[in-house]
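# Fold and contact review
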Amino acid sequence: MKTIITSIALMAATAAGAQTEQAAQGWSLRQCISYALEHNITVKQQDVTKQQREIDLNTAKNSRLPDLNGSASQNWSFGRGLTSENTYSDTNTSSTSFSLGTSVPLFSGLKIPRTIELNKLNLEAATADMEKARNDISVQVAQAYVQILYDLEMRDVAQRQISIDSMQVARLKEMYRNGKASGVDVAQQEATLAQSRQTYTQADNDYRLALLALTQLLELPSPEGFAIIRPDAGGIDPSAGAVPPSPDEIYQEAITFKPEIKAELYRLKSTEMNIKIAQSALLPTLSLNAGIGSNYYKTSGFKAESFGRQMRNNFSQYIGLSLNVPIFNRFATRNSIRSAKLERETQQLQLDNVRKNLYKEIQQAYYNTIAARAKYESSMEASRSNKAAFDLMSAKYEYGKANITEFNEAKNNWLKAESDLVIAKYEYVYDTSLIDFYRGKELDF
């Protein structure tokens, strides 16, 4: 019996050694998040959207510049036509023309500067959206990381149960051969071993699926060869941690920098700028136009001057101002302004909804942290109690005052309590890290 208890302690130490070895070759949470931010497709898509907004802003700024257009045309005319003698005859006429023109917007009803400001706001919103995507993938990676830790711990529990049950089967078979145990005891312990193996198989499947989920977030081709670093659970002491600030205090911090709030604020300002752009249609516009051109004509039956001479003689230049004053456009401008104002109201509701969802998330994280702390304290007490119960049951079993079923139950309860304690620590660490994340700190543990 003492050998079994010693073996249990050795297996716990072996598990800790395996954990240290894995830490040397696995991925830390920070490494996982960094890799995901660099390779995740959603983040890349948001980066492309940001680049598109940069191009839109550049286009809006360049609308202040003059344009330049060149044209050339060649025309042929056939058939009867009136001549200078007031008679009709068949004539063939050809004409060639060239022109180069430019226009400069002098006043656009303030539409150009307002459009530039609109595209600046759109770029800021796209930048905030990309940061929001980075935050989302960071949280998803952390959740998947913690899930792997849970499944690893459950698999380790199942593995320790298999080892202990295997030793018990071997011990009872030896006692059965010596006439000190019944065949029922052996069969019962073999059934317990089979159940432990089934539990391990399920735990191992859960662990592999959790690995797959994380590698998919990282855009890795396969989970083969992938492993994570387990935090040192022995160095975690939730009881020494400070109580987090209230949800209201965390929320007041979060709304000043959370990218989802910034993005919706920029979009709200964009809708206000859209109203001003729609109102620009009420103002007149003024533009400067200038150009040069020349023509060449040739008519059959008449002598024409050379191409070069005509081009020089017909060379012309022009410059002018064009003023456009809106008077009545079937209420199109009025309705555009109304639609823009409705869009502003819709965006205000969207901003309110995002703020409300953020507060709900913070509330959830806060109460999860409080619950995780309480769970840790109760798990620590349960671990002590089950360890004491197992020690007593082991002594009773050694002196023949308890059967194998009672021993297995006490053993399983103790191993489960130890696992629950580690899981409770991981939960607390994740929840407190999430609270810090809402307060602007990096997500890491």
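Preceding this paragraph is the structure being described.
Read on for a plain summary of the structure. (Residues numbered from 1 in each chain as written. Predicted model: local features only at pLDDT ≥ 70, side-chain atom pairs only at ≥ 80, totals over all residues. Heavy atoms only, no water.)

### Considering the nonpolar core
Using the following cut-off: We define a nonpolar core as any set of buried Ala, Val, Leu, Ile, Met, Phe, Trp, Tyr and Cys residues linked to one another through side-chain atoms lying within 4.5 Å. Relative accessibility thresholds used throughout: buried, under 20% of the residue-type maximum; exposed, over 50%; partly exposed, between the two (1.4 Å probe, protein chains only). Helix and strand definitions here come from DSSP, where helices need a minimum of 4 consecutive H or I residues and strands a minimum of 2 consecutive E residues; each element is numbered from the N-terminal end.
Counting 45 residues, the largest nonpolar core has Val141, Ile148, Leu214, Leu218, Phe226 and Ile228 as its most contacted members. Elements with a contribution of two residues or more to this core: helix H2 (29–39), helix H4 (111–177), helix H5 (183–217), helix H6 (247–254), helix H9 (332–398) and helix H10 (404–438). Top contributing element to this core by residue count: H4, with twelve residues. Counting residues in hydrophobic clusters, the runner-up holds 14 residues, among them Val157, Val186, Phe390 and Ile404.

### A few points about the packing of H4 against H5
Rules: Fitted lines through C-alpha atoms give the axes, limited to the stretch in contact for helices. The angle between two N-to-C directions lies from 0 to 180 degrees. Any angle that is under 35 degrees is reported as roughly parallel, and any over 145 degrees as roughly antiparallel; angles of 65 to 115 degrees are reported as roughly perpendicular and all others as oblique. Crossing handedness is defined as follows: a turn of the near helix away from the far one that is anticlockwise and smaller than a right angle gives a left-handed crossing, while the clockwise case is right-handed. Only Asp, Glu, Lys and Arg are considered charged, only Ala, Val, Leu, Ile, Met, Phe, Trp, Tyr, Cys and Pro nonpolar, and every remaining residue, Gly among them, polar.
Orientation of H4 relative to H5, taken along the N-to-C sense of each, is 160°, at an axis distance of 8 Å. Classified by the interaxial angle, the pair formed by H4 and H5 is roughly antiparallel. Crossing handedness for the pair H4 and H5: left-handed. Of the residues assigned to the contact of H4 with H5, the class counts are 21 nonpolar, eleven polar and nine charged.

### Regarding the sheet that holds strand S6 (residues 316–324)
Inclusion rule: Strands qualify as paired when DSSP identifies two bridges or more between them.
Strand order across the open sheet formed by four strands is S1-S4-S5-S6, with antiparallel pairing between neighbours. Two strands lie at the open edges of the sheet, namely strand S1 (67–77) and S6, each paired on one side alone. On average, adjacent strands in this sheet sit at an angle of 20° to one another, irrespective of strand direction. Direction of pairing for S1 relative to strand S4 (residues 93–107): antiparallel, over a ladder of eleven bridges. Bridge pairing links Asn75 to Ser95 in S4.

### Regarding the packing of H5 against H10
Note the threshold: Should any heavy atoms of two residues lie within 4.5 Å, those residues are counted as being in contact.
In contact at an axis separation of 10 Å, H5 and H10 are set at 20° when each is read in the N-to-C sense. What the angle tells us is that H5 and H10 run roughly parallel. Two packed elements cross with a definite hand, and for H5 against H10 that hand is right-handed. Contacts between H5 and H10 involve Asp185, Gln188, Gln189 and Thr192 from the former and Ile404, Thr405 and Asn408 from the latter. Looking at the contact of H5 with H10 residue by residue, the class counts come to one nonpolar, five polar and one charged.

### Focus on H10
What counts here: A helix is expected to reach a length of 1.5 Å times the quantity of its residues less one.
Its 35 residues place the ends of H10 51 Å apart at the C-alpha level, agreeing with the 51 Å of an ideal helix rising 1.5 Å per residue. Downstream of H10 by a residue or two, Gly440 has a phi angle that is positive, lying close to 100°.

### Focus on the packing of aromatic side chains
As a reminder, the rule being used: Only Phe, Tyr and Trp rings are paired, with Trp represented by its six-membered ring, and only when their centres lie within 6.5 Å; those with planes under 30 degrees apart are stacked, over 60 edge-to-face, the remainder tilted.
Tallying each qualifying case throughout the model produces eight aromatic pairs. For the pair Trp27 and Phe226, a centre-to-centre distance of 5.2 Å together with 50° between the ring planes defines the contact as tilted. Here Phe226 lies in the loop between H5 and H6 and Trp27 lies in the loop between helix H1 (2–25) and H2, a separation of 199 residues in the sequence. Judged by its relative accessible area of 23%, Trp27 falls in the partly exposed class. A relative accessible area of 7% means that Phe226 is categorised as buried. Between Phe390 and Trp414, the ring centres sit 5.1 Å apart and the planes meet at 15°, which makes this aromatic pair stacked.

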